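Chains, contacts and geometry: an overview
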Amino acid sequence: MEVGILKNCSGSAYIEQGKTKIIVAVHGPREAHPKHLALPDRALLRTRYHMAPFSTGERKSPAPTRREIELTKVIREALEPSLLLEEFPKTTIDVFIEVLQADAGTRSAGVTAASLALAEAGIPMRDLVAAIAVGKIGGQLVLDLNEEEDEHGQADMPVAMMPNLNRITLLQLNGRLTKEEIVTGLTLAQKGIGKLYELQRQALKSVVEKNIGE
Ligand code: ADP
């Protein structure tokens, strides 16, 4: 993870998780345009999840796919509870999530990097958000599937959490898991998210130290 990699935005972050590579840029808070979009009591959080045409093995259509539209919404909902949007009424905050290379887990890595970029943009937050997917392969629960594992797995359960507050902000399940597996899977996710959180803190510390040095 790296924070502060782009200059023409309020905050940015880069994440590599396995072969998945994502860059996130945040703009704002800035005055809402067009004005009718403005909310009187808080900032409007907008996200855009986009896969670069070269990010997948098969050529991806440049037009937004249904999946991209869904992930745009899912990522926004995973980040929103962490942000104190009421501090910036009538403004917009834009979060651009660009998948450069996809090897599964892009929504999770996108959330983790977006939270870092929002922190660099100085948006006050209750906690960072980090995310990871729990999977099931050959009857075994595992963390952080790659594309091949995702294709052959029996389940895929992305989880996003605010690690300090111990609150879940995103929980999806593709496939089937028993009640016990969900509980075990959540504990596993919590552990993975704890590790991601440490890496997020290190990345933020590095950018602060770099800025002080300059
Ligand atoms: P996530 O990336 O959050 O795991 P999915 O489960 O929908 O989301 O996708 C799993 C993986 O499948 C993606 O990360 C990517 O590697 C691959 N994938 C998704 N859409 C496409 C596509 N249009 N073409 C090729 N591969 C894709």
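Relevant structure appears above.
Parameters at a glance
Residues numbered from 1 in each chain as written. Predicted model: local features only at pLDDT ≥ 70, side-chain atom pairs only at ≥ 80, totals over all residues. Heavy atoms only, no water. Helix = DSSP H or I, 4+ residues; strand = E, 2+ residues; numbered from the N terminus. Rg over C-alpha atoms; globule rule 2.2 N^0.38 Å. Areas by Shrake-Rupley, 256 points an atom, 1.4 Å probe, with all protein chains shown as cover. Near = heavy atom within 4 Å. Polar contact = N/O pair within 3.5 Å; in protein donor to acceptor, adjacent residues only side chain to side chain. Nonpolar A, V, L, I, M, F, W, Y, C, P; charged D, E, K, R; others polar. Buried < 20%, exposed > 50% of the residue type's maximum accessible area, 1.4 Å probe, protein only. Contact = heavy atoms within 4.5 Å. Axes fitted to C-alpha atoms, helices over the stretch in contact; angles between N-to-C directions. Parallel < 35°, antiparallel > 145°, perpendicular 65-115°, else oblique. Left-handed = near helix turned anticlockwise from the far one by under 90°. Pairing = 2+ DSSP bridges. Patch = residues over 30% accessible without salt bridge, like charges linked within 9 Å, V, L, I, M, F, W, Y side chains within 5 Å. Salt bridge = Lys/Arg side-chain N within 4 Å of Asp/Glu carboxyl O. Lys, Arg positive; Asp, Glu negative; His and termini not counted. Charge placed at Lys NZ, Arg CZ, Asp CG, Glu CD.

Before going further, it helps to examine the overall build of the chain. Across its full length, the chain carries 4 helices and 10 strands. Taken over the C-alpha trace, the chain has a radius of gyration of 17 Å; the compact-globule value for 214 residues is 17 Å, and the two agree within 12%. Structurally, the chain occupies a C-alpha span of about 50 × 40 × 35 Å along its principal axes. Of the roughly 11300 Å² of accessible surface on the chain, a fraction of 52% belongs to carbon and sulfur atoms.

The next point concerns the site of the ligand. Taken together, T56, K60, R67, A102, D103, A104, G105, T106, R107, E147, D150 and D156 make up the full set of residues near the ligand. Residue R107 places a side-chain N or O atom 2.8 Å away from an oxygen atom belonging to the ligand. At 3.4 Å, a side-chain N or O of D150 approaches an oxygen atom of the ligand. Taken together, the elements giving at least two residues each to the shell around the ligand come down to α2 (106–120) and α3 (147–152). Looking at the shell around the ligand, its residues break down into 2 nonpolar, 3 polar and 7 charged.

Examined against the element boundaries, I132 turns out to sit in strand β6 (residues 130–137). Residue classification places I132 among the buried residues on the basis of a relative accessible area of 6%. As for I132 and K191, which are separated by 59 residues in sequence, their C-alpha atoms are 9.9 Å apart.

We now examine the side chain of T92. Along the chain, the position of T92 falls in strand β5 (residues 91–101). When near neighbours in sequence (up to four residues on either side) are disregarded, T92 contacts H27, G28, P29, R30, E31, A32, L44 and R46.

Moving on: the packing of helix α1 (residues 66–79) against α2. Axis separation between α1 and α2 bottoms out at 10 Å; the angle between their running directions is 45°. By the criterion of interaxial angle, the relationship of α1 to α2 is oblique. Taken as a pair, α1 and α2 cross one another with a handedness that is right-handed. In contact with R67, E70, L71, I75, A78 and L79 of α1, α2 contributes T106, R107, V111, A114, S115 and L118. Of the residues belonging to the contact of α1 with α2, the class tally is 7 nonpolar, 2 polar and 3 charged.

Running from N to C, α2 and helix α4 (residues 179–213) cross one another at 30°; their axes reach a closest spacing of 11 Å. In terms of orientation, α2 and α4 fall into the roughly parallel class. Crossing of α2 over α4 shows right-handed handedness. Within the contact between the two elements, α2 uses T112, S115, L116, A119 and E120 and α4 uses L196, Q200, A203, L204 and V207. Residues of the contact of α2 with α4, tallied by class, amount to 6 nonpolar, 3 polar and 1 charged.

Let us now look at the sheet that holds β5. Within the open sheet, the 5 strands sit side by side as β1-β2-β3-β5-β4. Their pairing is mixed. The strands lining the two open edges of the sheet, one partner per strand, are β1 (2–3) and β4 (44–51). Looking at chain direction, strand β2 (residues 11–17) and strand β3 (residues 20–31) are connected through 7 bridges and run antiparallel. Paired with E16 across the strands is K21, a residue of β3. In the packing of α1 onto the sheet, contacts are made with β4 and β5, and the angle to β4 comes to roughly 140°.

Side chains of E58, D144, E147, E148, E149, D150 and E151 sit close together on the surface and give a patch of like negative charge. Locating E58 in the fold gives a position in the loop between β4 and α1. E58 sits in the exposed class, given a relative accessible area of 68%.

What follows concerns the pairing of strand β7 (residues 140–143). Judged from the 4 bridges that link them, β6 and β7 form a sheet pairing that is antiparallel. Along β7, the bridge assignment pairs I137 with Q140. In textbook terms, the turn of a hairpin is the stretch between consecutive antiparallel strands, and for β6 and β7 this stretch comprises 2 residues, one of which, G138, has a positive phi near 55°.

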